[in-house]
Amino acid sequence: AFGVLLGVGAGRTALELLRTWPHGVLFLVDPYIHLRRGFDRPDNVDDNEQQRRYEHLRNVLHDMPGVQGRYSFVREFSFAVPAIWREKQWGPDPKFVFLDGNPSYGAVITDLRSWWPLLAPAGVLAGTNYTTLGDGSAVGVRAAVDAFAAERGLQVFVTSDQPEPSWILLKEER
């Protein structure tokens with residue numbers, strides 16, 4: 001099965017997914033560049049630090065037993081990847097897509113709308129930062145997920161992680 005992680009950064013979530021999901025292939029989607037607008041968080045480091053993070057994770061994964069052939073870096077903006085996936089026929093539609101990137105409302109709603117059509121039937125679309133902290137300008141995940149779910153009549157499942165719970169959307173089988 002194929003899975004996708006949107007927003008890889010230093011790789012904490014990628015490493016956990018590869019350890020706990022021992023048989024799947026994980027696409028690691030992150031442009032690894034500094035975003036000049038719309039992502040005002042500490043993880044938005046300068047271009048040199050982005051490159052260092054990418055190279056460090058690449059080296060860690062290269063030396064990690066059991067993950068060779070189970071991951072692929074995709075250095076691209078997340079919303080652009082579904083069209084490329086279809087055009088290049090990378091493989092079957094992903095069984096899960098996990099959003100852990102730019103938490104602004106605009107970025108999240110764009111990712112949801114871009115990735116949902118590519119998600120396999122009975123697939124899982126999930127992510128972090130399902131919070132009501134702040135005014136939604138920096139962290140608009142909850143508003144975007146709720147709006148997307150309402151548009152499609154989906155139920156949002158929420159974890160009890162604090163202070164920022166995760167969210168889960170399930171795609172029905174055909």
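Check the entry above for the structure.
Conventions and cut-offs
- Residues numbered from 1 in each chain as written.
- Predicted model: local features only at pLDDT ≥ 70, side-chain atom pairs only at ≥ 80, totals over all residues.
- Heavy atoms only, no water.
- Core = buried A, V, L, I, M, F, W, Y, C linked by side-chain atoms within 4.5 Å.
- Buried < 20%, exposed > 50% of the residue type's maximum accessible area, 1.4 Å probe, protein only.
- Helix = DSSP H or I, 4+ residues; strand = E, 2+ residues; numbered from the N terminus.
- Patch = residues over 30% accessible without salt bridge, like charges linked within 9 Å, V, L, I, M, F, W, Y side chains within 5 Å.
- Areas by Shrake-Rupley, 256 points an atom, 1.4 Å probe, with all protein chains shown as cover.
- Salt bridge = Lys/Arg side-chain N within 4 Å of Asp/Glu carboxyl O.
- Phe/Tyr/Trp six-rings, centres within 6.5 Å; stacked < 30°, edge-to-face > 60°.
- Lys NZ or Arg CZ within 6 Å of the ring centre and 35° of its normal.

Caption draft 1: Layout of the nonpolar core. If you look at the biggest cluster of nonpolar residues, it comprises 27 residues, and the most contacted ones within it are Leu112, Trp115, Leu125 and Trp167. Residue assignment for this core shows that the elements contributing at least two residues are strand 1 (2–6), strand 2 (25–29), helix 3 (81–88), strand 4 (96–99), helix 4 (105–115), helix 5 (141–152) and strand 7 (167–170). At 5 residues, the largest contribution of residues to this core is made by helix 5. In this structure, Leu28, Tyr32, Leu61 and Ala126 belong to the second largest nonpolar core, which totals 19 residues.

Caption draft 2: Here's a closer look at a nonpolar patch on the surface. There is a patch of nonpolar side chains on the surface, built from Ile33, Phe77 and Phe79 and spanning about 260 Å² of accessible area. In this fold, Phe79 is placed in the loop between strand 3 (71–74) and helix 3.

Caption draft 3: Spatial organisation of the pattern of salt bridges. Applying the stated criterion to the full structure yields 7 salt bridges. As a salt-bridge pair, Glu151 and Arg152 come within 2.7 Å of each other at their nearest N and O atoms. Judged by relative accessible area, which is 44%, Glu151 ranks as partly exposed. When salt bridges that share partners are traced, they join Glu49, Arg52 and Arg53 into one network.

Caption draft 4: Focus on the packing of aromatic side chains. For the structure shown, the criterion picks out 12 aromatic pairs. Relative to Phe27, the ring of Phe2 has its centre 5.5 Å away and its plane inclined at 40 degrees; by these criteria the two rings are tilted. Of this pair, Phe2 sits in strand 1 while Phe27 is found in strand 2, placing the two residues 25 residues apart along the sequence. Ring centres of Trp21 and Phe96 lie 4.9 Å apart, and the angle between their planes is 75 degrees; on these two criteria the pair is classed as edge-to-face. With Trp21 in the loop between helix 1 (12–20) and strand 2 and Phe96 in strand 4, the pair connects residues that are 75 residues apart, well separated along the chain. Cluster of aromatic residues (ring-pair linked, three or more members): Phe2, Phe27, Trp85, Trp90 and Trp115. Directly above the ring of Trp116 sits Lys171, whose terminal nitrogen or CZ lies 5.4 Å from the centroid.

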